[in-house]
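So the chains spell out like this:
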Amino acid sequence: MFTWVKVCYWEGIASTGQHLSGSKSGQSLHSVRIALHHEGILATRLKWRWRVSLRNAKLNLKDIADFSTQLGYLLHSGFSLLLALEALRSQHFSNPLMQPVLLGLKASLENGMDFSTALAQYPQHFNKLYIHLVKVAEKCGNLPDQLLKLAAYQEKLLSFKYSIYQALYYPLSLLGVSIVVMLLLTLLVMPQFEHLFTTVGVQLPYLTKSLIQIARALQSTRFYIISGGLIITCLAISFYLKV
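Trainee: Let's hear about the overall build of the protein: which residues, and what values?
Mentor: The helix and strand inventory of the protein stands at nine helices and three strands. Secondary structure elements in the protein, listed N-terminal to C-terminal, are β-β-α-β-α-α-α-α-α-α-α-α. The buried share among the 243 residues of the protein stands at 31%. Pairs at least 24 residues apart make up 59% of the contacts formed inside the protein by residues separated by at least 6 positions. For the protein, the exposed surface amounts to about 15900 Å²; the carbon and sulfur share of it is 65%.

Trainee: Talk me through the pattern of salt bridges; I want residue IDs and the actual numbers.
Mentor: In this structure the tally under the stated criterion is five salt bridges. Of the charged contacts in the structure, one is a salt bridge between K62 and D66, with a shortest N-O distance of 3.1 Å. Linking K62 with D66, this pair stays in helix α2 (residues 61-76), spanning four residues, or about one helical turn. The class for D66 is partly exposed, based on a relative accessible area of 25%.

Trainee: Pulling in residues and values, what's your account of the side chain of Q146?
Mentor: Along the chain, Q146 falls in helix α7 (residues 143-200). Discounting chain neighbours no more than four positions away, the residues touching Q146 are L133 and A137.

Trainee: Before we move on, can you summarise the packing of aromatic side chains with the specific residues and values?
Mentor: Under the counting rule described, the total for this entry stands at two aromatic pairs. Ring centres of F67 and F126 lie 5.7 Å apart, and the angle between their planes is 55 degrees; on these two criteria the pair is classed as tilted. Of the two residues, F67 sits in helix α2 while F126 sits in the loop between α5 (115-119) and α6 (128-140), which places them 59 residues apart along the sequence. With relative accessibility at 2%, the residue F126 sits in the buried group. Summarising the aromatic geometry, the rings of F126 and Y130 are spaced 5.2 Å apart at their centres and angled 40 degrees between planes, so their arrangement reads as tilted. Grouping aromatic residues by their ring pairs yields a cluster made of F67, F126 and Y130.

Trainee: Help me get a handle on the confidence of the model for the protein, residues and values and all.
Mentor: When pLDDT is averaged along the protein, the result is 80, and 81% of the positions lie at 70 or above. No element of the protein has a lower mean pLDDT than helix α9 (residues 222-242), at 62, and none a higher one than α6, at 93.

Trainee: Could you give me a rundown of a nonpolar patch on the surface, with the residues and numbers involved?
Mentor: Taken together, V177, V180, V181, L184, L185, L188, V189, F193, L196 and V200 make up a surface patch of nonpolar side chains, about 860 Å² in accessible area. For V177, the location among the structural elements is in helix α7.

Trainee: A description of the environment of L20 should follow, citing residues and the corresponding values.
Mentor: Assignment of secondary structure puts L20 in strand β2 (residues 19-24). With 22 residues separating them in the primary sequence, L20 and L42 have C-alpha atoms 9.6 Å apart. Those residues in contact with L20, other than ones at most four positions away along the chain, are W10, E11, G12, A14 and I41.

Trainee: Give a description of α6 that names residues and reports values.
Mentor: For α6, which comprises 13 residues, the first-to-last C-alpha distance of 18 Å matches the rise-based estimate of 18 Å (1.5 Å per residue) to within 8%. Among all positions of α6, only Y130, I131, V134 and A137 are buried. Viewed along the axis of α6, the buried residues span an arc of 125 degrees, placing them on a single side of the element. Looking at α6, the residues exposed on the side facing more than 90 degrees away from the buried face are K128, K139 and C140.

Trainee: Residues and numbers for α2, please.
Mentor: Its 16 residues give α2 an end-to-end C-alpha distance of 22 Å, which sits within 8% of 22 Å, the value for a rise of 1.5 Å per residue. Among all positions of α2, only L61, D63, I64, A65, F67, S68, T69, L71, G72, L74 and L75 are buried. Of the surrounding secondary structure, the elements contacted by the buried residues of α2 are α3 (81-91), α4 (98-110), α5, α6 and α7. Residue N60 occupies the N-cap position of α2, its side-chain oxygen lying 3.2 Å from the main-chain nitrogen of K62. One or two positions beyond α2, positive phi appears at G78, with a value near 105 degrees.

About the criteria used
- Just so you know, the residues in each chain are numbered from 1, in the order the chain's sequence is written.
- Local features in this predicted model are restricted to residues of pLDDT 70 or higher, and side-chain atom pairs are both shown and tallied only at a pLDDT of 80 or more, whereas totals for entire chains, interfaces and linings draw on every residue.
- To get the side-chain values, take all heavy atoms of the structure and skip hydrogens and water.
- Helix and strand definitions here come from DSSP, where helices need a minimum of 4 consecutive H or I residues and strands a minimum of 2 consecutive E residues; each element is numbered from the N-terminal end.
- The rule is simple: take the accessible area with a 1.4 Å probe, protein chains only, and divide by the maximum for that residue type; under 20% is buried, over 50% is exposed, in between is partly exposed.
- It only takes one pair of heavy atoms within 4.5 Å for two residues to be counted as in contact.
- Working definition of accessibility: Shrake-Rupley area with a 1.4 Å probe, residue cover restricted to the visible protein chains.
- By definition, a salt bridge exists where a carboxyl oxygen of Asp or Glu is found within 4 Å of a side-chain nitrogen of Lys or Arg.
- Each Phe, Tyr or Trp ring (for Trp, its six-membered ring) is paired with any other whose centre lies within 6.5 Å, and the angle between the two planes then decides the class: stacked below 30 degrees, edge-to-face above 60, tilted in between.
- The predictor attaches a confidence to each residue, and that confidence, scored 0 to 100, is pLDDT.
- Residues qualify for a patch when their relative accessible area is over 30% and they have no salt bridge, like charges being joined within 9 Å and the nonpolar side chains of Val, Leu, Ile, Met, Phe, Trp and Tyr within 5 Å.
- To estimate how far a helix should extend, the number of its residues minus one is multiplied by 1.5 Å.
- Directions drawn from the helix axis to the C-beta atoms are what define this arc.
- Polar contact is defined as a pair of N or O atoms within 3.5 Å, subject to the rule that within protein one atom must be able to donate a hydrogen and the other to accept it, and that residues adjacent in sequence are counted only when both atoms are side-chain atoms.

Laid out in C-alpha cells, this is it:
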C-alpha cells in the first residue's frame, strides 16, 4: 500500500574519517542521532523529509504479539531489558520495520528512560492501552507476565480480525464478479442488441431504452471505468495483504 513516511536524511563522518550520507527512519532527530552514533557515525546534518513508501509503515498485530511474547520469555529467563532487546534485534534482522524500533528502544533505555516512555515514542506501533499497561507493570514489578498477557490479547484480536475478513471474503468476491459481469454485458453485449433493434426497427420499451442509454454513457467513459477498476483492484489486493 502506498504510504507517506517521514524519513530523516543525514550526513555524517564515520570513525574512519569518511564522509557518509543516507536516510533513516526514527521518531525524533535525537533518536536518529543516537542510532547513527551506535553505528559509529557522527551526524553533522539531519533533515526531515516526506517520501512515498511501498511498505506498510506500521507493525501489524502479529509483529507486536511476537515482540511481546519473545521479550516476556527473555525477561522471565533472567535477561535484562537491554540484553533482551539486543537478542531480539538479532532475531528480527530481516524485518526492516522492527529493526529501527528495537534500536531506538535500546538507545532510550541506555539514556535512562523508562521502558513505557520509550514505547510511547512509537505511537504508530504501540497504542495507548499497550503503553499504559506496560507502565503499570513496571511500577508493580511484573513486566514479564504483563508482556505475555499483552501477547495473548494481540493474538486473540488478530484471530478475531482474521475470522471477520474470512467471513467477508466470499460475499465480497461474489459482488466483485457480479459487477464485472454487468460491466461486460453493458459495454460489449448491449451495443450489439442496440444495432440489432435499430436494424429491425422495433419499438423498444422504456426499460430497454434506459439500458441502452446507460451503455452509451459507459462506453464514452470506458477508459476511466477500466482505470478506476484497476485502481480499486490494486487497493483491494494491498488491503488484503496488509490485514
